Amino acid sequence: MRLKSTRSSLALAVSLAALPAVALAQSPVGITVGAAVAAVRVNSQTGVLVSQLSGVIAGGEGRLSLWKASLDLRYFEGSADSSGEGDGKDIVEGEAMLGFRPLSWLTVKLGPHIRSMISDVGTQRWFFWEVRLRGEATLGIPVLKGYLEGWNVISNNLDVPEPWDRGQGIEGGLRLQSAGRPLWARLGYRMDHSRLGSGARTETMEQLVATVGFSLGR
Amino acid sequence: MIRYRTPLLAVAVAACTVAPALRAQTSTQLLQDGIRAYGDLEFEAAAGFLRQSLETGEPGLNNSDPTVRRVRLVARATALQYLAATEIFLGHPDSAQATFRQLVLLDVRYQPDRLVFPPEVTNVYDAVRAETKSVTVRAPDRSEFRVGEQQYELQLFASTFHRAEINIETRGGTELRRLYRGPIADSVMVQWDGLDANGRPPLRGTYQLVVTSLETDGTSVRSVRVPLEVDVDVRDTLPHPEPPADSLFLPERTAPGPAYEALAGGLLMGGMLLIMPGALASDTDLGGGRYLIGGAVSLAGITGFLTRRPGREIAANVAANAALRRGWQDRMELVVRENETRLADVQLTVSAGAPTLVEQAER
């Protein structure tokens, strides 16, 4: 199961990179591809039971932009183990966000966010429709930018018994674009939090993400 | 009555058109008659012919054609010589001296031929010439020369040793350039380089060469005025290069926008990263990753503000702007030098007119 997913993400990255770079440089189309690794920390609380898992997930992300529109794709998988005696879980996560940039520093996004938590007792699938706002600012030098993205879950499909309350998240960090080269790197912190059953259950995932990649075109 | 109008008109028109030619012919004939009568020792008749010749030949001296002017000058000088000699033999020494004085003033280079006229005539001429201070100017009818490199040459002949002053003046009498002030014994060559007293070429126009004969005490006796028509040919100068447009200059100091964007953006985003996760998941024990990244973003914003603080000099842009200005100044200097060369390369064409004699009392 895990190997199959890794192959699909690799195929996506390779196919994006195979597009002719020269043509992209002169066009309004931009492509960004990166490989990422994240230290993940999952906190689940059901009643008085608290489960904390930590581990490493890895994956890739890409962005296809055309004028003011963009499509962000993200895929991660990995595993997190309990620091105590609890069992570990495999984590598979993906999202596809369609974005629109009304201002040079602001992007509005909408799209699905899927997460699967696989353990020995079964698989929990979380499906969210999220709306996001992302802002960017240049931090003194043109190659260094800060970004902040916040989102809210507007729809969901969960295979858990508790009724849904709300879900929100935030991500921010620094993005360094190499001057004169298509390489870039990013260091960010990401947190999403779901609340179910009037607070009887909460699911929180934190990620400390490091990404390197290259960009073509805009 | 009407019948006579047409013939009368024809006679009048003919008289107007042929009158100058007839007058010249009559003057020449009268001169020949006078010389013949002088040779026949008929002095009364010779005096009559010669006086009439001088009266009728007067207009030709101001003719615009230099050749006609010279011919009339020679004829008049000849008539004056024979008339003066005739007056001597008629026993009119005063009239003879007055006539010789006219001859000296007409052109000091003309003098009685000592093979034709006896010493009693030439002695009177010599005495008159010695006491009459006058200068004859020989100027080229037309001369082209390059200012500063070539010269406009004038030759002056003096009747007797005296001091003279030679100036080029405007038509209004303002001195343009003094060419000479000093003694003239026999003749002197004067040159004009085409520049005024300030070292600049004159403007196109009419000027006059004024040669003033002076008494020993410096007072003016008389002056010869030669009109000079000056045409100035100057090469066109190059236009000065336009200074670089403002849009080409880069900002030499940092603008406040990027610095404040870095500070506000860094602090806002860093602060949000520090605060918001705890606010959203208040019931969860979060890790310390948000502090690491939030702090890094805030620090990057502050650092960005400090490195791009408003008003800081941008050395690379200052150097680029200086190079832009220097390039324009170099081009300007080249044009200025080229224009100086072109302005110095002036050609003058000077056309001399008929000289006129002005006695001091007439000035």
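From a predicted model like this one, the values you see are computed outputs, not experimental measurements. (Residues numbered from 1 in each chain as written. Chains lettered and ligands numbered in written order. Predicted model: local features only at pLDDT ≥ 70, side-chain atom pairs only at ≥ 80, totals over all residues. Heavy atoms only, no water.)

K.L.:
Sorry, what's going on with the overall build of chain A here?
P.N.:
For chain A, the count of helices and strands is two helices and ten strands. Starting at the N terminus, the α and β elements of chain A follow one another as α-α-β-β-β-β-β-β-β-β-β-β. Out of the 218 residues belonging to chain A, those deemed buried represent 42%. At a minimum sequence separation of 6, the contacts of chain A that also span at least 24 residues come to 54%. When the accessible surface of chain A is summed, it comes to about 10600 Å², and 64% of that surface belongs to carbon and sulfur atoms. (Helix = DSSP H or I, 4+ residues; strand = E, 2+ residues; numbered from the N terminus. Buried < 20%, exposed > 50% of the residue type's maximum accessible area, 1.4 Å probe, protein only. Contact = heavy atoms within 4.5 Å. Areas by Shrake-Rupley, 256 points an atom, 1.4 Å probe, with all protein chains shown as cover.)

K.L.:
Hey, could you run me through the environment of Gly30(A) in this one?
P.N.:
Residue and element names in this part refer to chain A. Structurally, the position occupied by Gly30 is in strand β1 (residues 29-46). In this structure Gly30 comes out as buried when scored by relative accessible area, which is 2%. In the structure, Gly30 is positioned 186 residues away from Leu216 in sequence and 5.7 Å away in space, judged by C-alpha atoms.

K.L.:
Explain the packing of aromatic side chains here, please?
P.N.:
Enumeration over the complete set of coordinates arrives at 14 aromatic pairs over all chains. Geometrically, the ring pair formed by Tyr38(B) and Tyr82(B) is edge-to-face, given 5.2 Å between the ring centres and 85° between the ring planes. With Tyr38(B) in helix α1 (residues 5-39) and Tyr82(B) in helix α3 (residues 66-89), this pair connects stretches of sequence that are 44 residues apart. Across this residue pair, the class does not change: Tyr38(B) and Tyr82(B) are buried. Taking 6.5 Å as the distance between ring centres and 85° as the angle between the ring planes, the aromatic pair formed by Tyr152(B) and Trp192(B) counts as edge-to-face. Separated by 40 residues along the polypeptide, Tyr152(B) in strand β3 (residues 152-158) and Trp192(B) in strand β6 (residues 187-192) bring together distant segments of the chain. Pairwise contacts between aromatic rings join Tyr38(B), Phe43(B), Tyr82(B), Phe89(B) and Phe117(B) into one cluster. Directly above the ring of Trp151(A) sits Arg132(A), whose terminal nitrogen or CZ lies 4.0 Å from the centroid. In this structure, Arg175(A) is placed above the aromatic ring of Trp184(A), and the distance from its NZ or CZ to the ring centre is 4.6 Å. (Phe/Tyr/Trp six-rings, centres within 6.5 Å; stacked < 30°, edge-to-face > 60°. Lys NZ or Arg CZ within 6 Å of the ring centre and 35° of its normal.)

K.L.:
Looking at this structure, how should I read the interface of chain A and chain B?
P.N.:
In many analyses, interface size is given as the accessible surface area lost on bringing the parts together. Contacts between the two partners involve 32 residues from chain A, matched on the other side by 26 residues from chain B. The contact between chain A and chain B buries some 2100 Å² in all, and 71% of this surface belongs to carbon and sulfur atoms. Our enumeration of links across chain A and chain B arrives at one salt bridge. Across the pair Arg195(A) and Asp283(B) runs a salt bridge, and its minimum N-O distance is 3.6 Å. Between chain A and chain B we count six residue pairs in polar contact (both at pLDDT 80 or more) in total. Where the side of chain A that touches chain B is concerned, the elements lending two or more residues are β1, β6 (122-138), β7 (144-158), β8 (164-177), β9 (183-196) and β10 (201-217) of chain A. Looking at the side of chain A that touches chain B, the element that brings in the most residues is β8(A), giving eight residues. Considered class by class, the residues forming the side of chain A that touches chain B number twelve nonpolar, 15 polar and five charged. (Buried area = accessible area lost by both parts, 1.4 Å probe. Salt bridge = Lys/Arg side-chain N within 4 Å of Asp/Glu carboxyl O. Polar contact = N/O pair within 3.5 Å; in protein donor to acceptor, adjacent residues only side chain to side chain. Nonpolar A, V, L, I, M, F, W, Y, C, P; charged D, E, K, R; others polar.)

K.L.:
How should the pairing of strand β9 (residues 346-352) of chain B be read in this particular structure?
P.N.:
Within a regular strand, side chains alternate between the sheet's two faces. Residue and element names in this part refer to chain B. Within β9, five of the seven residues are buried, which leaves it mostly tucked inside the rest of the structure. Looking at chain direction, strand β2 (residues 142-146) and β9 are connected through five bridges and run antiparallel. Paired with Arg146 across the bridge in β9 is Gln347. Pairing analysis gives seven bridges linking strand β8 (residues 220-234) to β9, with the strands arranged antiparallel. Residue pairing in the sheet places Leu228 in a bridge with Ala352 of β9. (Pairing = 2+ DSSP bridges.)

K.L.:
Before we go on, may I ask you to explain the confidence of the model for chain A in this structure?
P.N.:
The predicted coordinates should not be examined in detail at positions where pLDDT is low. All names here are of chain A. With 85% of its residues at a pLDDT of at least 70, chain A reaches an overall mean of 86. Confidence drops under a pLDDT of 50 for residues 1-6, and excluding neighbours within four residues, the segment shows seven contacts in the predicted structure. Within the model, pLDDT remains below 50 along residues 12-22, and this stretch shows nine contacts once partners closer than five positions in the same chain are excluded. (pLDDT = per-residue confidence, 0-100.)

K.L.:
What is the right way to read the sheet that holds β6(B) from this model?
P.N.:
Whenever strands of a sheet pair, they do so through backbone hydrogen bonds, lying parallel or antiparallel. All names here are of chain B. Spatially, the three strands line up as an open sheet ordered β1-β3-β6, and their pairing is antiparallel. Bordering the open sheet on either side are β1 (135-138) and β6, each of which pairs with just one other strand. Direction aside, neighbouring strands of the sheet carry axes that sit 25° apart on average. (Axes fitted to C-alpha atoms, helices over the stretch in contact; angles between N-to-C directions.)

K.L.:
Would you mind showing me how to read the sheet that holds strand β4 (residues 89-103) of chain A here?
P.N.:
Strand order around the closed barrel formed by ten strands is β1-β2-β3-β4-β5-β6-β7-β8-β9-β10 (chain A), with antiparallel pairing between neighbours. Between one strand axis and the next, the sheet turns through 20° on average, direction left out of account. As paired strands, β6(A) and β7(A) are joined by 13 bridges and run antiparallel to one another. Across the sheet, the residue bridging to Thr138(A) is Lys145(A), located in β7(A). Here helix α6 (residues 256-280) of chain B sits on the sheet in contact with β6, β7, β8 and β9 of chain A, set at roughly 145° to β8(A). Those strands touched by helix α7 (residues 289-307) of chain B are β7, β8, β9 and β10 of chain A, and its axis lies near 45° from that of β8(A).

K.L.:
So what exactly am I meant to see when it comes to the pattern of salt bridges here?
P.N.:
Working definition: two side chains of opposite charge can pair if their charged atoms are close together. Under the counting rule described, the total for this entry stands at 38 salt bridges over all chains. Here Arg132(A) makes a salt bridge to Glu95(A), at a shortest N to O gap of 3.1 Å. Within this pair, whereas Arg132(A) is found in strand β6, its partner Glu95(A) is found in strand β4, the two being separated by 37 residues in sequence. Judged on exposure class, the residue Arg132(A) and its partner Glu95(A) are both buried. Across the pair Arg114(B) and Asp126(B) runs a salt bridge, and its minimum N-O distance is 2.9 Å. You can see Arg114(B) sitting in the loop between α4 (93-106) and α5 (119-131) and its partner Asp126(B) sitting in helix α5, a full twelve residues away along the chain. Judged by its relative accessible area of 31%, Asp126(B) falls in the partly exposed class.

K.L.:
I would appreciate a short explanation of a nonpolar patch on the surface in the present structure.
P.N.:
All names here are of chain A. A contiguous nonpolar surface patch, about 500 Å² in accessible area, is contributed by Val108, Leu110, Trp129, Val131, Leu133 and Ile154. Looking at the nonpolar patch, the elements with two or more residues in it are β5 (106-119) and β6. Ranked by the residues each element gives to the nonpolar patch, the list is headed by β6, at three residues. (Patch = residues over 30% accessible without salt bridge, like charges linked within 9 Å, V, L, I, M, F, W, Y side chains within 5 Å.)

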